[in-house]
Structures are given as structure tokens and as C-alpha cells.
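Tertiary structure, described
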Amino acid sequence: RGARGATVAMAPEEGGEGGEVTRKEETAVFVAAKHAAYIRRVSEDRESLEYVLTEYMRMSGVYWGVTALALLGHDVEREME
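For clarity, every value in this text was computed on a predicted model and none was experimentally measured.

Conventions adopted
- Residues numbered from 1 in each chain as written.
- Predicted model: local features only at pLDDT ≥ 70, side-chain atom pairs only at ≥ 80, totals over all residues.
- Heavy atoms only, no water.
- Helix = DSSP H or I, 4+ residues; strand = E, 2+ residues; numbered from the N terminus.
- Buried < 20%, exposed > 50% of the residue type's maximum accessible area, 1.4 Å probe, protein only.
- Areas by Shrake-Rupley, 256 points an atom, 1.4 Å probe, with all protein chains shown as cover.
- Patch = residues over 30% accessible without salt bridge, like charges linked within 9 Å, V, L, I, M, F, W, Y side chains within 5 Å.
- Salt bridge = Lys/Arg side-chain N within 4 Å of Asp/Glu carboxyl O.
- Lys, Arg positive; Asp, Glu negative; His and termini not counted.
- Charge placed at Lys NZ, Arg CZ, Asp CG, Glu CD.
- Phe/Tyr/Trp six-rings, centres within 6.5 Å; stacked < 30°, edge-to-face > 60°.
- Lys NZ or Arg CZ within 6 Å of the ring centre and 35° of its normal.
- Contact = heavy atoms within 4.5 Å.
- pLDDT = per-residue confidence, 0-100.
- Expected span 1.5 Å × (residues − 1).

Next up on the list: the overall build of the protein. Broken down by element type, the protein carries four helices and two strands. The linear arrangement of helices and strands in the protein, starting from the amino end, is β-β-α-α-α-α. Every one of the 81 residues in the protein was classed for burial, and the buried ones make up 9%. Split by element, the accessible area of the protein, about 7,400 Å² in all, is 57% carbon and sulfur.

Printed below as a string of C-alpha cells:
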């Protein structure tokens, strides 16, 4: 079936009855606090697999952040001290 008519099996612990529900019936809720807690936990646990696998994203973020500050006319070297 297409994406609109796709079905998903939900486990009872996820709120389902163990049967199938259509995507039309699902309502996604973004819980910002849980996402922030996850990011905080991953960034503090330097021994975790997630920390190692997301290093490239942190380095990219630093690069683009510093580049943006430089383009905005900030003295990046002075601000990094």
C-alpha cells in the first residue's frame, strides 16, 4: 500500500492492543523535554556508542557555528577564550 494507507503494528506497551492501526489514526506528539533529556544524556556519557557515533555532527555544528559568527562580524578568537 501507499504511505497513506500504510499500517503499523503497535505493541501493547506502546499504547496499542497488539493489533494494527492505520497511520491516519496515529497522532504524533513531540515531547521536547524528552528530546532535550536524551541529548543531554548522550552528550554527558562519553563512553556511550551514541556519543562516538554523533561526534561528526558535533564537529560540523562547531564549524558552522564559528563560521556563522565570523560572517556576522564577531571576533571568534576573542570570544572563544
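On to a negative patch on the surface. Judged by side-chain charge, Glu44, Asp45, Glu47 and Glu50 come together as a negatively charged surface patch. Overall, the relative accessible area of 75% leaves Glu47 in the exposed class.

What follows deals with the packing of aromatic side chains. One pass over the full model with this rule turns up one aromatic pair. Centroid distance Tyr63 to Trp64: 5.0 Å. Interplanar angle 80°. Geometry classified as edge-to-face. Its guanidinium or amino end placed over the ring of Tyr51, Arg58 lies 3.9 Å from that ring's centre, counting from NZ or CZ.

This brings us to the environment of Val42. Within the element layout of this structure, Val42 appears in helix 1 (residues 32-44). A sequence separation of 12 residues divides Val42 from Thr54, and the C-alpha atoms of the two residues are 9.1 Å apart. Beyond its immediate sequence surroundings of up to four residues, Val42 is in contact with Ser48, Glu50, Tyr51 and Thr54.

Another aspect to go through is the confidence of the model for the protein. Looking at the protein, pLDDT values average 76 and 68% of them are 70 or higher. Of all helices and strands in the protein, the one with the weakest mean pLDDT is strand 1 (residues 7-9) (50), whereas helix 3 (residues 55-71) scores best (91).

So, on to helix 3. Under the 1.5 Å per step criterion, the end-to-end length of helix 3 is 24 Å for 17 residues, consistent within 8% with the ideal 24 Å. Positive phi appears at Gly73, one or two residues downstream of helix 3, with a value of about 90°.

Right, let's talk about the pattern of salt bridges for a bit. Following the criterion strictly, the structure yields one salt bridge and no others. Across the salt bridge formed by Asp75 and Arg78, the nearest N and O atoms sit 3.6 Å from each other.

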